[in-house]
Every structure is written in structure tokens, then in C-alpha cells.
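Coordinate analysis (summary)
One letter stands for each residue in the lines below.
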Amino acid sequence: MKNIMVTGGAGFIGSNFVIHMLEKYDDYQIVVYDKLTYAGNMDNLLDVSDDPRYTFVKADICDAAAVEQAIQQHNIDTIVNFAAETHVDRSIMNPDAFIQTSVYGTYVLLEAARKFGLERYHQISTDEVYGHIPAGYSSVETDNLEPRSPYAASKASADLLVNAYWVTYQLPVTITRGSNNIGPFQYPEKVVPLFATNAIDGEPLPVYGDGRQMREYQYVRDHCEAIDLVLHKGVLGEAYNIGTGVEMENLAMVEILLDELRLSSDLIRHVADRPGHDRRYSLDIGKIRALGWRPRHSAEEAIRVTARWYRDNEWWWRKIKSGEFKAYYQAQYGRRLQEAAPTN
Ligand code: NAD
Ligand code: TYD
């Protein structure tokens, strides 16, 4: 493995992964292949932009000719696919791009990997493919996939395609299924950066329903280390769950966030819930632990570090929140917030 194409590398986790890989390995070349949707952001890659081992290609993973050209031109031996539409609420509003990118786009990448005989195709997946998990149980990698949102269904479909290419063509694949990531460069539509930046501006924090849904918040760079480990030590054809193994209610996350920012919980507003909202995800992380990985941050540490990053990096998020984001925010929250009375 020397020449790695990181699709979706200008997004949140992809850019953190690129930075991690360039910091850790002197002799790897990284090609970021990204369409630059609303979620792609070249600011995320500023730290590596002058690195001679890094190249950027602006293109769509659904464009087979462009994918093949990039592979040939850069002598790619490995694809790590982060490219996806990633926000559940947007998938509820309009699923189309989710299906295009995660289903058709994953197929295009798999075909190209097969055609050029790549050493590895690695798929970045999510705990959401398992669906809602009842209390007392944690998902293992062999569980059935029971996605419930268009986003989760698009990701589960991609996992099934990846597995089919392993079984049918012996394409050397691996899959990682991560829980909710938080940290630098996360687009402020996701709950932690949305709430951190709203709170800094004294804006309300729209908590869906009772706020007692549970998520496993993990620090993005921990997740990147685990992906790196699976790339080097993972067993071909296998999937690996990556999380902290500890889930937390959303309201508990909000309290930690506000405590770190020294801001008041008066900002909390309970608003109309997300349709089909999965109440709980929970991962059994025994398999990735057996490879030797441990998360460096607890969920609480991850939330505190992330809150401080948003407090200290307004240059990064202010321009995002003043652009396309405003129309999205109005469509997603305008009515909900109007209908919600302050609760504290
Ligand atoms: P993100 O939305 O921040 O970034 C997605 C990136 O993909 C963007 O740079 C975007 O421009 C690019 N992209 C989208 N469609 C594309 C296309 N058709 N062709 C090329 N590039 C395209 O996403 P993220 O939060 O960094 O998530 C990355 C991956 O990790 C996704 O596959 C997601 O499903 C998975 N994941 C995310 C989380 C999380 O908590 N964020 C958790 C588990 C798994
Ligand atoms: P999100 O960051 O969208 O990730 P996902 O739904 O993919 O896990 O949401 C995390 C949790 O926070 C989820 O239970 C939904 C909840 N949430 C809110 O309560 N309010 C919000 O405005 C958002 C975006 C999410």
C-alpha cells in the first residue's frame, strides 16, 4: 500500500484521515478525490495543501471515466471510500443524492477496483446500518443490517455491494462501521457542531423529542487510527465496528457541551422529533479491540475537546453558517422552533 485514493477526503472524517496518514507515514502518496458538495471543504485540508505527497482531484465517484483516470494517473493501489451524503435529516427531506452516491457511486468504485486489480478497497460505513438497537444489546458485525432512514439504507446497500464483490470476485475488501464522530471540521448540521456554534451565538439548541436518544460519540482522530489499523491488519472480507462501546443520551451530551462552553441550559428547546428517529445505537467493539485498538478519548473528553475547537475556530465555521446553510436551517428548524416554547 503506497498510493491511496481517499474519496470524500475533503469532508469531515476524510480530511482528518488524510492528515493522520500523512503525519504517520512518510512514504504514502494520498490522492483526495472529492466532488466538493456542500459538505466538502478545502479549508479542511489547508494543513496539508503544500505537502508534495498530497494531490487533490475534484470529481464525482459516480463518474466511472474520471475514477479510472485518477487511478491510472496516480498509480493507485488502495481506495478508502468516505464519499457519501451523510446527514439523516437531509436524507429525509430528499433521498436522491444519497442513493446516487452511496449505491451507484460505491458500485463504480468497486468496478474500478476490480478492473485495475487494486490491493484493497476499504468502505467507511456506520453503526446506523444495524438500525435501532434495544437496551441491553450491542451490535456485532455479523448482525443483520436493518437500516431505517434513507441515509442508513444507502449505507447498508453499499455494505452489501462491497460484500458481494468479496464473495463473487474475491476483491480484497474491508469495511469499518463507525459510531457518531465528533471533532474538528464537522459541518455544523450534525448535532454537536450545530449545538456548539448555536450556543456560542446565543441561539436555541433544537433537541429532537425528549432528547433521550442514545448515541456513541467518538473522537474523529480515534476513528481514523482504527481505520488505519484495519487497512494494515484487518482480515479481508471482514467488517469491524469502531466506537467507544459506551453510549450517552443526547441531553447528557448537551449538558457536557454547555458546561465546557460555560453557557446556560436555558438555550435548550425540545422540538418536534425526527421521523423514524432511531432511539439507540450501540456497538460491540470486541473485534477491533482484539486487533489492538483502544479509543484515546472517552465520549465526554471528545465532546469537551470538540466544544473548545469550535470556540477557538470561528474562522472555519462562520463562513459556512452564513452560506447555503441558512436556507437549510430555515427549512429544517424554522417551523419546529416557532412551535417550541422555551422549557427552562
Ligand atoms: P461529510 O458529509 O463531512 O463529507 C462527505 C464528503 O464526500 C464531502 O467532502 C463531499 O464533497 C464528498 N462527496 C459526496 N458525494 C460525493 C460524490 N458523489 N463524489 C465524490 N465526493 C463526494 O461526511 P463525514 O461525516 O466525513 O462522513 C464520511 C463517511 O463516514 C461517510 O461515508 C459516512 O457515511 C461515514 N460515517 C460518518 C459518521 C459521522 O459521525 N460523521 C459516522 C460513521 C460513518
Ligand atoms: P446527528 O448528528 O444528525 O447524527 P445521527 O442522527 O446520524 O446519529 O444526530 C445525533 C443525535 O442528535 C440524534 O439522536 C438526533 C439528535 N439531534 C437533535 O436532537 N437535534 C438536532 O438538531 C440534530 C441535528 C440532531
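Let me begin by describing the structure that accompanies this report. Note on numbering: residues in each chain are counted from 1, in written sequence order. For this description, chains carry letters from A and ligands carry numbers from 1, given in the order in which they are written. Under the rules for a predicted model, residues below a pLDDT of 70 receive no local features and side-chain atom pairs below 80 are neither given nor counted, while totals for whole chains, interfaces and linings still include all residues. Computation of side-chain values covers all heavy atoms of the structure but excludes hydrogens and water.

**Looking at the overall build of the protein**
To keep it simple, the criterion reads: Helix numbering and strand numbering both begin at the N terminus, where a helix is a DSSP run of H or I of at least 4 residues and a strand a DSSP run of E of at least 2. Just to be clear, the radius of gyration here is over C-alpha atoms, and the globule rule we use is 2.2 Å times residues to the power 0.38. The buried label goes to any residue with under 20% of its type's maximum accessible area, the exposed label to any with over 50%, and the partly exposed label to all in between, with areas taken from a 1.4 Å probe on protein chains only. Throughout, a contact is declared for two residues whenever any of their heavy atoms are within 4.5 Å. We get accessible surface area from the Shrake-Rupley algorithm with a probe of 1.4 Å; when it comes to residues, only the shown protein chains can shield them. As used throughout, the charge tally considers Lys and Arg to be positive and Asp and Glu to be negative, leaving His and the chain termini uncounted. Think of each charge as sitting on NZ of Lys, CZ of Arg, CG of Asp or CD of Glu.
For the protein, the helix and strand inventory stands at 12 helices and 13 strands. Taken over the C-alpha trace, the protein has a radius of gyration of 19 Å; the compact-globule value for 344 residues is 20 Å, and the two agree within 12%. Buried residues in the protein amount to 57% of all 344 residues. Long-range pairs, those at least 24 residues apart, make up 84% of the contacts in the protein between residues at least 6 apart in sequence. Just so you have it, the protein exposes about 13900 Å², and 49% of that area is on carbon and sulfur atoms. Seen as two clouds, the 35 positive and the 47 negative side-chain charges of the protein have centres 1 Å apart.

**Things to note about the site of ligand 1**
Where we set the bar: Whether a residue is near a molecule or strand is decided by its heavy atoms; if any one of them lies within 4 Å of it, the residue is near. The term polar contact refers here to a pair of N or O atoms within 3.5 Å; inside protein, the definition further demands a hydrogen-donor-capable atom paired with an acceptor-capable atom, and it admits residues adjacent in sequence only when both atoms are side-chain atoms. All amino acids are sorted into three groups, where Ala, Val, Leu, Ile, Met, Phe, Trp, Tyr, Cys and Pro are nonpolar, Asp, Glu, Lys and Arg are charged, and the leftover types, Gly among them, are polar.
Among the 29 residues in the neighbourhood of ligand 1, the closest are listed as Ile13, Asp34, Thr86, Tyr151 and Lys155. Within the side chain of aspartate 60, one N or O atom sits 2.8 Å away from a nitrogen atom of ligand 1. Lysine 155 places a side-chain nitrogen or oxygen 2.6 Å from an oxygen atom of ligand 1. Isolated, ligand 1 exposes 840 Å² of accessible area, and the fraction of that covered by the protein chains is 97%. Of all the secondary-structure elements, those providing two or more residues to the shell around ligand 1 are helix H1 (12-24), strand S5 (120-126) and helix H5 (150-169). No other element matches S5, which puts three residues into the shell around ligand 1. Each residue belonging to the shell around ligand 1 can be placed in one class, and the counts come to 12 nonpolar, 13 polar and four charged.

**So, the packing of H1 against helix H7 (residues 220-233)**
Each pair of packed helices can be described by the angle between their axes along with the distance between the axes. Rules: All axes are obtained by fitting lines to C-alpha atoms, using only the stretch in contact for helices, and the reported angles, taken between N-to-C directions, cover 0 to 180 degrees. Whether a crossing is left-handed or right-handed is set by the direction in which the near helix is turned from the far one by less than a right angle, anticlockwise for left-handed and clockwise for right-handed.
Where H1 contacts H7, the axes come no closer than 9 Å and their chain directions differ by 65 degrees. Of the two elements, H1 crosses H7, and the hand of that crossing is right-handed. In this structure, H1 contributes Phe12, Ile13, Asn16, Phe17, Ile19, His20, Met21, Glu23 and Lys24 to the contact, and H7 contributes Val220, Arg221, His223, Cys224, Glu225, Ile227, Asp228, Leu231 and His232. For the contact of H1 with H7, a count of residues per class yields nine nonpolar, four polar and five charged.

**Notes on the site of ligand 2**
Basically, it comes down to this: For every domain, the bounds stem from an assignment made automatically or drawn from a database.
Residues in contact with ligand 2 amount to 20 residues; listed here are only the nearest, Glu128, Arg215, Arg274, His277 and Tyr333. Take tyrosine 333: an N or O atom from its side chain is 2.7 Å from an oxygen atom of ligand 2. In the complex, the protein chains occlude 97% of the 500 Å² of accessible area that ligand 2 would expose alone. Class assignment for the residues of the shell around ligand 2 results in nine nonpolar, five polar and six charged. The residue makeup of the shell around ligand 2 includes at least three contributed by each of domain 1 (3-182 + 219-242) and domain 2 (191-214 + 248-279 + 300-339).

**Concerning the nonpolar core**
Worth spelling out the cut-off: By nonpolar core is meant a set of buried Ala, Val, Leu, Ile, Met, Phe, Trp, Tyr and Cys residues that side-chain atoms within 4.5 Å join together.
Membership of the largest hydrophobic core comes to 75 residues, with the highest contact counts inside it found for Phe17 and Val18. Two domains each put at least three residues into this core: domain 1 (3-182 + 219-242) and domain 2 (191-214 + 248-279 + 300-339). If sequence neighbours within four positions are ignored, phenylalanine 17 has contacts with Val6, Val80, Phe82, Cys224, Ile227, Asp228 and Leu231. Judged by nonpolar contacts, the second largest core, of 26 residues, contains Val57, Val108, Ala112 and Tyr165.

**Description of the environment of arginine 280**
For arginine 280, the position within the fold is in the loop between strand S13 (268-271) and helix H9 (286-290). In this structure arginine 280 comes out as buried when scored by relative accessible area, which is 8%. The spacing of arginine 280 and aspartate 259 is 21 residues in sequence and 24 Å in space, taken between C-alpha atoms. Beyond its immediate sequence surroundings of up to four residues, arginine 280 is in contact with Gly131, His132, Ile133, Pro134, Ala135, Gly136, Tyr137, Met214, Arg215 and Glu247. Here the side chain of arginine 280 touches glutamate 247 through a polar contact of 2.6 Å, side chain to side chain.

**Some thoughts on the sheet that holds strand S1 (residues 3-7)**
The pairing of strands in a sheet comes from backbone hydrogen bonds and takes either a parallel or an antiparallel form. Note the threshold: In this scheme, strands are said to pair when DSSP sees at least two bridges between them.
Read across the sheet, seven strands follow the order S3-S2-S1-S4-S5-S6-S11 without closing on themselves; strand pairing throughout is parallel. The strands lining the two open edges of the sheet, one partner per strand, are strand S3 (54-58) and strand S11 (239-242). Neighbour to neighbour, the strand axes of the sheet diverge by 20 degrees on average, direction disregarded. The sheet contact formed by S5 and strand S6 (residues 173-178) spans six bridges and is parallel. Counterpart to histidine 122 in the pairing with S6 is threonine 174. Along the sheet, helix H4 (residues 96-115) contacts S1, strand S4 (78-81) and S5; its crossing angle with S5, the most-contacted strand, is approximately 160 degrees. Packed on one face of the sheet, H5 meets S5 and S6 and runs near 155 degrees to S5.

**Some points on the environment of phenylalanine 56**
If you trace the backbone, phenylalanine 56 turns up in strand S3. Apart from the residues lying within four places of it in its own chain, the contact partners of phenylalanine 56 are Ala10, Val32, Asp34, Leu36 and Met42.

**A closer look at helix H2 (residues 64-73)**
The test is simple: This arc is built from the directions going out from the helix axis to the C-beta atoms.
Listed in full, the buried residues belonging to H2 are Ala66, Val67, Ala70 and Ile71. Along the axis of H2, the buried positions cluster into a sector of 135 degrees, meaning they face one direction only. Within H2, the exposed residues directed more than 90 degrees away from the buried face are Ala65, Gln72 and Gln73. Elements that come into contact with the buried residues of H2 comprise S1, strand S2 (29-34), S4 and H4. Immediately beyond the C-terminal end of H2, within one or two residues, lies asparagine 75, with a positive phi of roughly 55 degrees.

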